[in-house]
Amino acid sequence: MKRFRHADAPDLETAIVLLREEGAEAIAGGTDLLTEMKAGIRAPELLVNLKSLEFKGIRDEGDALAIGALTTLSELEAHPLVKERFPMLAQAASLAATPQLRNVGTVGGNLLQRVRCWYYRHPHVKCWLKGGEECYAEEGLNHRHAIFGTSPCIAVHPSDLAPALIALDAEVRVVGPEVDGWLPLEEIYCLPDENHRERTVLGRGDLLTEVRVPYRGNSRGVFLKAMERAAWSFALVSVAARLDFDGNRVREVRIVLGGVAGKPWRVRDAETLLQGQAPTEELVAKAAEAAVAGARPREHNAYKIPLARSLVRRALLELFELRSRRD
Amino acid sequence: MPKVIKTEVEFEGRFYEEYIVLEGEDLSPWGPDRDRDFRLVGKPQPRVDGPERVTGAAKFTHDVRLPGMLYGRILRCPHPHARIQRLDTSKAEKLSGVRLVLSAENAPEIPWRMGLTKLFDRTLRYAGEEVALVVADEEEICYDALELIEVEYKPLPFVVDPEKALEPNAPKVHESGNLLNGAPEVYERGDLQKGFEEADVVVEGTFRTQSVLHNCMETHGSVAHWEGDTLVIWDSTQHIFGVRAQVAQALGLPLHRVRVIKQYMGGGFGSKNAAGKYTVMAALAAQRTGRPVQVLLDRFEENLAAGNRPSTVQTLKLGATREGRLTAIYHKSILNVGAYAAWPASASGPTKRLYECPNVKTEDYSVFTNLGPFSAFRAPGYVEGTFALEAMMDELARKLSLDPLELRLRNYAEVDPITNKPYTTKGLRAAYERGAQLIDWEERERVKKERSRGTKRIGFGMASQIWGGSGGPPAYALVKINPDGTATVITGTQDIGTGTRTALAQIAAEALGFPLESIRVELGDTQWGVYSPLSAGSMTLASVGPAVRAAAEDARSQLLEVGSQVLEIPRDALTLENGEFVDSRDGKRSPVRTIFEKLLNYTIVGQGARGPNPEDKNVNTFGAQFAQVEVDLETGTVKVERMVAVHESGRVINPLTIRSQLYGGIIQGLGYALMERRLEDPRRGIVVNPSLETYKVPTIEDVPEIVAEMVDLPDPEANPLGVKGVGEPPIIPTAAAVANAVADALGFRIHELPLTRDRVLTELLSRDQDRGRGRGEGDR
């Protein structure tokens, strides 16, 4: 591993100044960055430790829940307010990684983590995302890769929290020289292209400090995740779905897929189909079909289409059944 | 007087002739009369080394830290096939803290892998092959130095698919060709063509199994240092004497100047049957630097270069009469052995031996490819072969409208089909019966109907297993009676995590009439000079156990002789119980140590040797496993709900550790059945998932309810203990039983492992598409 310097950030302003340095990287839980450094994928000159900053903990703000970016996944999944108000978020957190990793990994780190593509993570491979010429997965072993979106890199976004938080209309606060202020979580994500081989719009020195999840009245959510084994596995496909009801009609709906695209993938066509409708099984089937309508499978990942369709269908049925049971 | 005899020894399905030396008198087997009096044998006994293991006092190779120890790390080739054009280590050598760089430039030419390569070769035949060793004061300096080594590779054409490797114009892994020995290994009995002519029904299928990785918790590694003129090696190995011989030969040293130690090990599963390149590199580096040198593999290296279970493509054809009697079996296997092979791989063992069938032909093609070399992996070949054979048996049963279990009973082999010899014992029928009872086999159709709801389908499957596990000579042991009345068992075996220490202590204590606490077992060190074989092939206990019993009986008899004279009690009236002499005339007891108060430091040494296996009979282990699964047709989830395992391995010495073996084998088998697969990119020639994140092994969440039992059937003819091995049996039928249950649930068969979500969904998709085109109805 290359030698590097390590500095505790005394405050946010200093952290940003330090992070502007060439070769600087922020570290919080380190569950992602350290493995990349050990594998020689990243070799920062300077690690800026964010754990000394105050963006920790979960606060009730009356109309929203505020989650500090340094909150660990364990704290998130166990917090009474999260469990009460946003069980789908607690569910998403509890399905991520392992208890050991969740004790260390932070919300901010989870939202900004890098892809798990096995070519990207392979020390002998210099793929496009690592500054190389080509994507190895496009014509290679793409079992776990994207079925949506167009980008020279077909790795999927691995976060479980991101689809759940986007479905909950979460906003994030970003502080920094390039992006500053509150913006919807959905909008920080992008697909990498030739000019920007990154998955977020955040620039050097920009820090995600807080997540804000608005309270809704009559709202239910569900998070489902299909893995390769019962635990400790990134999503092959996940779905986060949230429905608000107006009487027996759908007032507002969010359906966000994980594990299928280079960023959390919101399926607006499916949402539109449900908008203002009374739930029926036929409608659910149509919405599930619409959710995967634009999918483009590769050699080894066509299975993700029926899988995503099934998970969307199940999520919606569960939500509607919950609703009808409550009535 | 020592007696030399010639005997046949079975190891992992192959037979070898060996000369052995017998000492002492023949022991009579522990028979049923003796059984009633057992104090320790057959009773659950927590591991004698449990406290060391859980407190961290147990010293694994990875824990060895010696004064002045240097670290050695290996540079590996990133190309699947390449020749080194230029190798410049000068920059690395100049880095501060670097003590040595070993490579083809300066290392002796030591032949490796049957001479197919060298310790440092200039031609590299797989991505991950060793190029150089850096030795430095710190591990981190090694990594810096590795980056300073300049290597110019000339990439060569490569092949990773064994079927492609057999094509005429395939890139050559070795000049001698891609087929090991230039021909398949062929076995034939009877007349295959006649057998198929006699058949009323024939089933045929092609099956594919994946390469899987051992992923031992403790990666491969060695620490070597010189004590005077003696090379001492701590090696994470299943065979200390084998490592000694290999290293002595590689370095040109006499055996008495090489000492190999292995006290505790975090898993081997067959991948640690011999010395590794890292072992010899550590020894050479210790020689050159005059300092202890540690060479350990990390997980990435481990999963590229430390062995694997070869992938297979198996074609099977079975013929049977209307009554379900097998008339013919043809079995062709293509096995991907990677870049090197020390022996041919095979998947045909179960086909030759499991069922009675007069006409059998098998062909095993061991094919070289540009991938990490294969190694033994817990029941090599039998896991793969049983999956295919038992799938075909189920297909045959379906075609004949027979209960799968009934079909197996109709082809039950009463004698070994290869040798025509009877078995010493065969508890398979009992295992079938008990297993069927435990899974409620007769009720399975009712359970399937009741519990298959919505997108969920319930299925049941079973499979049988046959394995060797007889153990055999040579294996020797000593039992010393110490002056304080304790005893020390000395053997050259090693405990690879299976509970060998505990079982040997039970046997010695039982035979001596001592309490368990007074027994210490010394093993894992060639310095004791008492040879024992490698711990593989489920042979440790059945090889070493009888030698320990013999040594303990010898020590006991000496102790009674001496005790009788010192205590002035007639020999016939004296016995030993719980570490005390008992005078049977008046019941008076005196502790063993009392005689040494008079004799001072007199030491009794009992000797024991493992005798030969019976010549006129076969010694095998058997078992049956039954799986209940739930498959979700929509999400492709395969959930094993229950696994019932009933095995027969002779006498049970320790029910606790035997259960651990069954659980471990089943869990490893479930990984093979459901999720584990090494993925190789055919275009790049690299393994894409050499990490524990991307290569999935089962977590505890993936483990179903396991009901594991033994048919406790002491085998009086196998050896004087009546024991057989159990390490490998439980992994053998696991994937087969699961795959048969999944086929039962789905109503069609997936011919390839593992049964991952993506595979199940992909198969369901292709069947949907076939159905859409009006095909695929009625087939399976």
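From a predicted model like this one, the values you see are computed outputs, not experimental measurements.

What counts as what
- Note that residues are indexed from 1 along each chain, following the sequence as it is written.
- Chains and ligands are labelled sequentially in the order written, the chains with letters from A and the ligands with numbers from 1.
- Given that this is a predicted model, residues contribute local features only at a pLDDT of at least 70 and side-chain atom pairs are listed and counted only at 80 or more, while totals for whole chains, interfaces and linings are drawn from all residues.
- Helical segments are the DSSP runs of H or I of at least four residues, strand segments are the runs of E of at least two, and each set is numbered from the N terminus.
- Within these notes, the globule rule equals 2.2 Å times the number of residues to the 0.38 power, and the radius of gyration is based on C-alpha atoms.
- Burial is judged by counting the other C-beta atoms within 10 Å of a residue's own C-beta: 20 or more makes it buried, 12 or fewer makes it exposed, and any count in between marks it as partly exposed, with every C-beta position built from the backbone.
- Contact between two residues is assigned when their C-beta atoms, built from the backbone, lie within 7 Å.
- For this scheme, ten residues count as nonpolar: Ala, Val, Leu, Ile, Met, Phe, Trp, Tyr, Cys and Pro. Four count as charged, namely Asp, Glu, Lys and Arg, and the remainder, Gly too, count as polar.
- Values of pLDDT, the confidence the predictor places in each residue, fall between 0 and 100.
- In short, DSSP must find at least two bridges between two strands for them to pair.
- Axes, fitted as lines to C-alpha atoms, cover a helix only where it is in contact. Angles between the N-to-C directions of the axes lie from 0 to 180 degrees.
- Here the bounds of each domain stem from an automatic or database domain assignment.
- Handedness of each helix crossing follows the sense of rotation of the near helix against the far helix: counterclockwise by less than a right angle gives left-handed, clockwise gives right-handed.
- This arc is built from the directions going out from the helix axis to the C-beta atoms.

Caption draft 1: Layout of the overall build of chain A. Regarding its fold elements, chain A presents eleven helices and twelve strands. Taken over the C-alpha trace, chain A has a radius of gyration of 20 Å; the compact-globule value for 327 residues is 20 Å, and the two agree within 12%. Principal-axis analysis of the C-alpha atoms places the extent of chain A at approximately 60 × 50 × 35 Å. For chain A, buried positions account for 53% of its 327 residues. Sequence-distant contacts in chain A: of pairs separated by 6 or more residues, those separated by 24 or more amount to 63%.

Caption draft 2: Broad picture of the overall build of chain B. Each helix and strand counted, chain B has 20 helices and 32 strands in total. Whereas a compact globule of 780 residues would reach a radius of gyration of roughly 28 Å, chain B reaches 28 Å, a difference of no more than 12%. A buried classification covers 55% of the 780 residues belonging to chain B. Put simply, 80% of the contacts in chain B that link residues at least 6 apart link residues at least 24 apart.

Caption draft 3: Just the interface of chain A and chain B, in detail. Contact with chain A, which involves 24 residues of that partner, is made by 28 residues of chain B. With three residues, helix H11 (residues 304–326) of chain A is the single largest residue contributor to the side of chain A that touches chain B. Per-class residue counts for the side of chain A that touches chain B are 15 nonpolar, six polar and three charged.

Caption draft 4: Local environment of the confidence of the model for chain B. Taken over all residues, the pLDDT of chain B has a mean of 95, while the share at 70 or more is 98%. Considering only residues more than four positions removed or in separate chains, one finds that residues 776–780 of chain B, a stretch of pLDDT under 50, has seven contacts.

Caption draft 5: Structural context of the sheet that holds strand E11 (residues 249–258) of chain A. Residue and element names in this part refer to chain A. Spatially, the four strands line up as an open sheet ordered E9-E10-E11-E12, and their pairing is antiparallel. Each having just a single partner strand, strand E9 (219–226) and strand E12 (265–266) make up the two edges of the open sheet. The strands touched by helix H5 (residues 87–95) within the sheet are E9 and strand E10 (237–246), with E9 carrying the most contacts at an inclination of about 15 degrees.

Caption draft 6: View of the domain arrangement of chain B. Residue and element names in this part refer to chain B. Domain annotation for chain B reports domain 1 (23–58 + 471–609), domain 2 (61–156 + 214–305), domain 3 (186–212 + 312–400) and domain 4 (413–467 + 614–780). Each of domain 3 and domain 4 was reduced to a C-alpha centroid, and the two centroids are 17 Å apart. The interface of domain 3 with domain 4 comprises 26 residues on the first partner and 31 residues on the second. Mapped by element, the contributors of at least two residues to the side of domain 3 that touches domain 4 are strand E12 (201–209), helix H10 (349–353) and helix H11 (382–399). Examining the composition of the side of domain 3 that touches domain 4, we find that seven residues originate from one element, H11, more than from any other. Tallied by class, the residues present in the side of domain 3 that touches domain 4 amount to twelve nonpolar, seven polar and seven charged.

Caption draft 7: Molecular detail of the confidence of the model for chain A. When pLDDT is averaged along chain A, the result is 95; 98% of the residues meet or exceed 70. Predicted confidence for residues 323–327 of chain A stays below pLDDT 50, and this span has two contacts to residues more than four positions away or in other chains.

Caption draft 8: View of the packing of H11 of chain B against helix H19 (residues 734–746) of chain B. Residue and element names in this part refer to chain B. Where H11 meets H19, the closest approach of the two axes is 8 Å, and the angle between their N-to-C directions is 35 degrees. When the axes of H11 and H19 are compared, the crossing they make is right-handed. Contacts between H11 and H19 involve Val383, Thr386, Phe387, Glu390, Ala391 and Asp394 from the first element and Ala735, Ala736, Ala739, Asn740 and Ala743 from the second. When its residues are assigned to classes, the contact of H11 with H19 shows seven nonpolar, two polar and two charged.

Caption draft 9: Structural detail: the environment of Leu192 of chain B. Residues and elements named next belong to chain B. Within the element layout of this structure, Leu192 appears in helix H6 (residues 192–197). Judged by C-beta crowding, with 19 C-beta atoms within 10 Å, Leu192 ranks as partly exposed. Along the sequence, Leu192 and Pro358 sit 166 residues apart, while their C-alpha atoms lie 8.6 Å from each other. If we skip the residues at most four places from it in the chain, Leu192 touches Ala328, Tyr330, Asn359 and Lys361.

Caption draft 10: Just the environment of Ala542 of chain B, in detail. Residues and elements named next belong to chain B. In this structure, Ala542 sits in helix H16 (residues 540–567). In this structure, the C-alpha to C-alpha distance between Ala542 and Glu510, residues 32 residues apart in sequence, is 16 Å. Sequence-distant contacts of Ala542, defined by excluding residues within four places in its chain, comprise Gly469, Ser470, Gly471, Ala718, Asn719, Val723, Lys724 and Gly725.

Caption draft 11: How the structure looks around the sheet that holds strand E32 (residues 705–710) of chain B. Residues and elements named next belong to chain B. Taken together, the four strands give an open sheet; going across it, the order is E20-E28-E29-E32, and neighbouring strands pair in mixed fashion. Looking at the sheet topology across the chains shown, the edges are occupied by strand E20 (456–467) and E32. Recorded for the sheet is a direction-independent mean angle of 10 degrees between the axes of neighbouring strands. Lying over the sheet, helix H13 (residues 428–439) contacts E20, strand E28 (621–632), strand E29 (638–648) and E32, oriented at roughly 25 degrees with respect to E28.

Caption draft 12: Region of the structure containing the pairing of strand E19 (residues 360–368) of chain B. Residues and elements named next belong to chain B. Within E19, eight of the nine residues are buried, which leaves the element mostly enclosed by the surrounding structure. Where strand E11 (residues 185–189) lies against E19, five bridges are found, and the strand directions are antiparallel. From the neighbouring strand, Glu188 faces E19, where its bridge partner is Lys361. Two elements, strand E18 (residues 326–338) and E19, share nine bridges in a ladder whose sense is parallel. Within E19, the position partnered with His331 by the bridge is Thr362.

Caption draft 13: Expanded view of the domain arrangement of chain A. Residue and element names in this part refer to chain A. Annotation of chain A at the domain level lists domain 1 (1–52) and domain 2 (58–112 + 157–326). One C-alpha centre belongs to domain 1, the other to domain 2, and the line joining them spans 27 Å. If you look at the interface, domain 1 gives twelve residues, while domain 2 gives 14 residues. It is helix H1 (residues 12–19) that contributes the most residues to the side of domain 1 that touches domain 2, four residues altogether. Among the residues making up the side of domain 1 that touches domain 2, the classes are represented as seven nonpolar, two polar and three charged.

Caption draft 14: Fine view of the environment of Leu19 of chain A. Residue and element names in this part refer to chain A. Within the secondary structure layout, Leu19 lies in helix H1. A sequence separation of 21 residues divides Leu19 from Gly40, and the C-alpha atoms of the two residues are 20 Å apart. The residues contacting Leu19, other than those within four sequence positions of it, are Ala24, Ala26, Val48, Arg204 and Gly205.

Caption draft 15: Up close: H1 of chain A. Residue and element names in this part refer to chain A. Every buried residue belonging to H1 is among Ala15, Leu18 and Leu19, and all of these are buried. All buried residues of H1 fall inside an arc of 95 degrees around its axis, so they share one side. Turning to H1, the residues buried within the fold contact strand E1 (5–8), strand E2 (24–27), strand E3 (46–49) and strand E8 (207–214).

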